[in-house]
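# Chain and residue survey
Letter by letter, the chains look like this.
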Amino acid sequence: MFDASTSPERPISIAILAMGGQGGGVLTDWIVAVAEANHWHAQSTSVPGVAQRTGATIYYIEMLPPRQGKAPVLALMPTPGDVDVVIAAELMEAGRSILRGLATPERTLLITSTHRAYAVAEKEKPGEAIADPRAVEAAAGIAARRLIAFDMEKAARAVGTVISAPLLGALAGSGALPFPRQSFEDVIRSGGKGVEASLKGFAEGFTRAGDNDLPRVLIKPQPRPAALPESLGAPELDRLLDRLRELPAEAQPFALAGLRRTIDFQDLRYGEDYVARLEGLVALDRQHGGAARGFAFSAAAAKHLANAMAYDDVIGVADLKTRSARFARIAGEMKAGDDPLYLTEFMHPRAEEMVSLLPVRWGRRIAADPKRMARIDRWVNRGRRVETATLRGFLQLYLVSGLRRFRRKLLRHEMETRHMEEWLALATRTLTRNYDVSRAVLAARRLVKGYSDTHARGLSKFDRVLSAVPLLEERADGGQWMDRLIAAALKDEAGEALDGMLKTIREL
């Protein structure tokens, strides 16, 4: 706690790391206003980060009481090892403050929210690239003199405000500044906008400031596979559910999710097809020692077979964008209430997507004609904005989604089914030679996703990964190498890491 009876010999320095939309500038203005209301000199500066979450803005404040009527000279930027308070509006920004040396165990109070706002570098990778918050958890406890940490984003949303309010409350409740709570609240009131919500968020931060220990659970625990429910609510579904009960326990949670996904994608009969295919794969797994290996092949089949059958296509996109549940969800997130909500969807179709919606024979004939495809591409390959709040825009997508009933007769379905059959044939053929490689062949399906250019890149990587199967199926560690190939394929969009890994395997 700050000792108000003593006047500081040096400025109190505060560094704030916040991203766009988190109110870092408002928080800075509030702190400066509180200092000035108590007749202190205060100065703030900021160094903007890059937009779209590639970097946070650093706001820096120094404050000092007047001395003999003379205004102090205050610094413009924080100096590593010389910051009293670091406020991070997101967990990884707290980690970056530690890496920059702004938070030090000798003097710094670190106030951070424990939620995550993922950076572009985390989201742009095809695979899992989310930074591990455990590193920050381990460092935060020793890199700062004192720590105040909780999910301030959640606290802000609960009262309808932004994270700057609970951050200010945590600062006020920490006692790091020699100003009474009333001063902080008066500054919030003087803003005149969203006052009540901001005061509630401030109060939550002020109360929680007494919790000095970083919560031990910063990562959401991996959910345990849930047991199959007693019923799915319809006799036809319950009959399929009974068939899932006959599968190995390791595969059942994935099978239930797969059944739901395939029925949602098409219809009940398509879900029956999924279960029948899965039962055949499980039978093969049992024949080839799956029980001794934890039925890893069956679990992978339950998961990735559903993804292969419920592929991404134009029909599915149109269906999702016209569902009433989606409009309701967005209206709730935007707090639209009774106000009209207008959505504009950006579409950029290619000739391939349009031709894939044709019946098989007609679509094959056109797809085999480069001149026709070029003409179609010139006609459709441009960006379009479809306003689904208007009758015309909604009907455009609704009519496309209505092609779902004809999906099995269309070119895209025929292509996806043929590709899936080849993939499953390779997996089952490999099962007789190398169990772990066959399991990895199934897992490689995760590389195929999306549509348009994303789908084409995924298919290319998928084919390149499976090209290594003949080289690895005789090796005891072949499955491990396949897993490394999949991980390499997910590292970058161009597939450079994958090419390097393939070269390594060819030289084994």
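Scroll up to find the structure.
## As for the packing of aromatic side chains
Scanning the model with the defined rule gives eight aromatic pairs in all. An angle of 35 degrees between the planes, with centres 6.0 Å apart, marks the rings of Phe202 and Phe206 as tilted. In this pair, Phe202 and Phe206 both sit in helix H8 (residues 195-208), four residues apart, roughly one turn of the helix. Residue classification places Phe206 among the partly exposed residues on the basis of a relative accessible area of 25%. Residues Phe265 and Tyr311 carry aromatic rings whose centres are separated by 5.0 Å and whose planes lie at 70 degrees to one another, so their mutual orientation is edge-to-face.

## Regarding a nonpolar patch on the surface
A cluster of nonpolar side chains, namely Leu391, Leu395, Tyr398 and Leu399, defines an oily patch on the protein surface of about 450 Å² accessible area. Summarising the element assignment, Leu395 is placed in helix H18 (residues 391-401).

## Comments concerning the nonpolar core
Generally speaking, nonpolar side chains in soluble globular proteins are found buried as a group. Counting residues in each nonpolar core, the largest one holds 57 residues, and the members touching the most others are Tyr274 and Met482. For this core, the element with the highest residue contribution is helix H12 (residues 296-309), accounting for eight residues. Beyond its immediate sequence surroundings of up to four residues, Met482 is in contact with Val437, Ala440, Val441, Val465, Leu466, Val469 and Leu472. In this structure, Met63, Ile111, Val195 and Ala209 belong to the second largest nonpolar core, which totals 40 residues.

## Examining the side chain of Ser198
For Ser198, the location among the structural elements is in helix H8. With sequence-adjacent residues up to four places away left out, Ser198 is seen in contact with Trp30, Thr161, Ala165 and Ile188.

## A short note on the environment of Ala351
Within the secondary structure layout, Ala351 lies in helix H15 (residues 351-355). Residue Ala351 is classed as buried on the basis of its relative accessible area of 1%. The sequence separation of Ala351 and Ile376 amounts to 25 residues, and the corresponding C-alpha distance is 5.5 Å. Every residue in contact with Ala351, bar those within four places of it in the chain, is listed here: Met373, Ile376, Asp377 and Val380.

## A closer look at the pattern of salt bridges
If you walk through the whole model with that rule in mind, you get 34 salt bridges. Of the charged contacts in the structure, one is a salt bridge between Arg364 and Glu414, with a shortest N-O distance of 2.6 Å. Placement of the pair is Arg364 in helix H16 (residues 360-367) and Glu414 in helix H19 (residues 411-431), with a sequence separation of 50 residues. Take Arg364: its relative accessible area is 45%, and that puts it in the partly exposed class. As a salt-bridge pair, Asp483 and Arg439 come within 2.8 Å of each other at their nearest N and O atoms. One end of the pair, Asp483, is in helix H23 (residues 478-489); the other, Arg439, is in helix H20 (residues 435-443), and 44 residues separate them in sequence. With relative accessibility at 31%, the residue Asp483 sits in the partly exposed group.

What counts, and where the lines are drawn
Residues numbered from 1 in each chain as written. Predicted model: local features only at pLDDT ≥ 70, side-chain atom pairs only at ≥ 80, totals over all residues. Heavy atoms only, no water. Phe/Tyr/Trp six-rings, centres within 6.5 Å; stacked < 30°, edge-to-face > 60°. Helix = DSSP H or I, 4+ residues; strand = E, 2+ residues; numbered from the N terminus. Buried < 20%, exposed > 50% of the residue type's maximum accessible area, 1.4 Å probe, protein only. Patch = residues over 30% accessible without salt bridge, like charges linked within 9 Å, V, L, I, M, F, W, Y side chains within 5 Å. Areas by Shrake-Rupley, 256 points an atom, 1.4 Å probe, with all protein chains shown as cover. Salt bridge = Lys/Arg side-chain N within 4 Å of Asp/Glu carboxyl O. Core = buried A, V, L, I, M, F, W, Y, C linked by side-chain atoms within 4.5 Å. Contact = heavy atoms within 4.5 Å.

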